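Architecture at a glance
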Amino acid sequence: MIIAAAIPASAQARNYDAVAAAPGSHHILLEDERIRVLRVEVAAGATEPVHDHQWPSLMYFEQPQPITYIEYKLIDGIPVETRRVDAPALNIAQAVRVEPEGLHAILNRGTKPFLALRVEFKNDQSLDNR
């Protein structure tokens, strides 16, 4: 099932970078020309706004929660939902590599805030072979 997101037509030229598009859930802790460190927080029961991540990263889960990962693609400049994947909570203090991500959002299905640190590696094409 494909569901159109409730995004105004002015969103066609929108910046979907996580900090610009989802500032309530992505806070910059450190940024320079090589890395950006984000604190990611999604309240229990909340869905963050549609956004992307253009760089490969490392995610460290401080307070993982069960989530629904929602994928989108742009159709005529509007984000349209294409897929939902339910995932269980990962382990506390678990770290994972993440490649650049297209348009997506996270729905926190847990009872506590989802908390993680995301270290984005600017200028790196992928985290393969590291």
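Residues numbered from 1 in each chain as written. Predicted model: local features only at pLDDT ≥ 70, side-chain atom pairs only at ≥ 80, totals over all residues. Heavy atoms only, no water.

Looking only at helices and strands, one finds one helix and ten strands in the protein. Of the regular secondary structure in the protein, the N- to C-terminal order runs β-α-β-β-β-β-β-β-β-β-β. For the protein, with 130 residues in total, the buried portion stands at 38%. Contacts in the protein between residues far apart in sequence, at least 24 positions, make up 76% of those at least 6 positions apart. A total accessible area of about 7200 Å² is found for the protein, and carbon and sulfur atoms account for 54% of it. (Helix = DSSP H or I, 4+ residues; strand = E, 2+ residues; numbered from the N terminus. Buried < 20%, exposed > 50% of the residue type's maximum accessible area, 1.4 Å probe, protein only. Contact = heavy atoms within 4.5 Å. Areas by Shrake-Rupley, 256 points an atom, 1.4 Å probe, with all protein chains shown as cover.)

For Leu74, the position within the fold is in strand β6 (residues 67–75). Under the relative-accessibility criterion, Leu74 is labelled partly exposed at 44%. If we ignore the near neighbours within four places in the chain, the residues touching Leu74 are Tyr16, Pro79 and Leu103.

This paragraph deals with the confidence of the model for the protein. Looking at the protein as a whole, its pLDDT mean stands at 89, while 85% of the residues score no less than 70. Confidence over residues 1–12 falls short of pLDDT 50; this stretch has 20 contacts with residues more than four positions distant or in other chains. (pLDDT = per-residue confidence, 0-100.)

The next thing to look at is the sheet that holds strand β3 (residues 35–42). Here five strands make up an open sheet; going across it, the order is β2-β3-β10-β5-β8 and the pairing antiparallel. The open sheet has two free edges, formed respectively by β2 (26–31) and β8 (95–98), since each of these has just one partner strand. Here the strands of the sheet are splayed against their neighbours by 25° on average, with no regard to which way each runs. Examined bridge by bridge, strand β5 (residues 57–63) and strand β10 (residues 114–121) share six bridges and lie antiparallel to one another. Bridge assignment links Gln63 to a residue of β10, and that residue is Leu115. (Pairing = 2+ DSSP bridges. Axes fitted to C-alpha atoms, helices over the stretch in contact; angles between N-to-C directions.)

Moving on: the pairing of β3. Side chains on a regular strand alternate between the two faces of the sheet. Of the pairings in the sheet, the one linking β2 to β3 comprises five bridges and is antiparallel in character. Looking at β3, one finds that His26 is bridged to Val40. From the end of β2 to the start of β3, which pair antiparallel, there are three residues. Looking at chain direction, β3 and β10 are connected through eight bridges and run antiparallel. What sits directly across from Val42, in β10, is Phe114.

With that out of the way, let us pick up the pairing of β5. In terms of strand pairing, β5 meets β8 through four bridges, oriented antiparallel. Bridging from a neighbouring strand, Tyr60 pairs with Ala95 of β8.

What follows deals with the side chain of Glu101. Checked against the element boundaries, Glu101 lands in strand β9 (residues 101–108). Take Glu101: its relative accessible area is 15%, and that puts it in the buried class. With residues up to four places along the chain from it excluded, the contact list for Glu101 reads Asp52, His53, Tyr69 and Arg118.

Following the criterion strictly, the structure yields nine salt bridges and no others. Two residues, Arg36 and Asp17, come together in a salt bridge whose shortest N-O distance is 2.9 Å. In this pair, Arg36 sits in strand β3 while Asp17 sits in the loop between β1 (3–4) and α1 (18–21), placing the two residues 19 residues apart along the sequence. For the pair shown, Arg36 and Asp17 are each scored as buried. Note that Glu101 is salt-bridged to Arg118, the shortest N-O span being 2.6 Å. Of this pair, Glu101 sits in strand β9 while Arg118 is found in strand β10, placing the two residues 17 residues apart along the sequence. Look at Arg118 and you get buried, because its relative accessible area is 3%. (Salt bridge = Lys/Arg side-chain N within 4 Å of Asp/Glu carboxyl O.)

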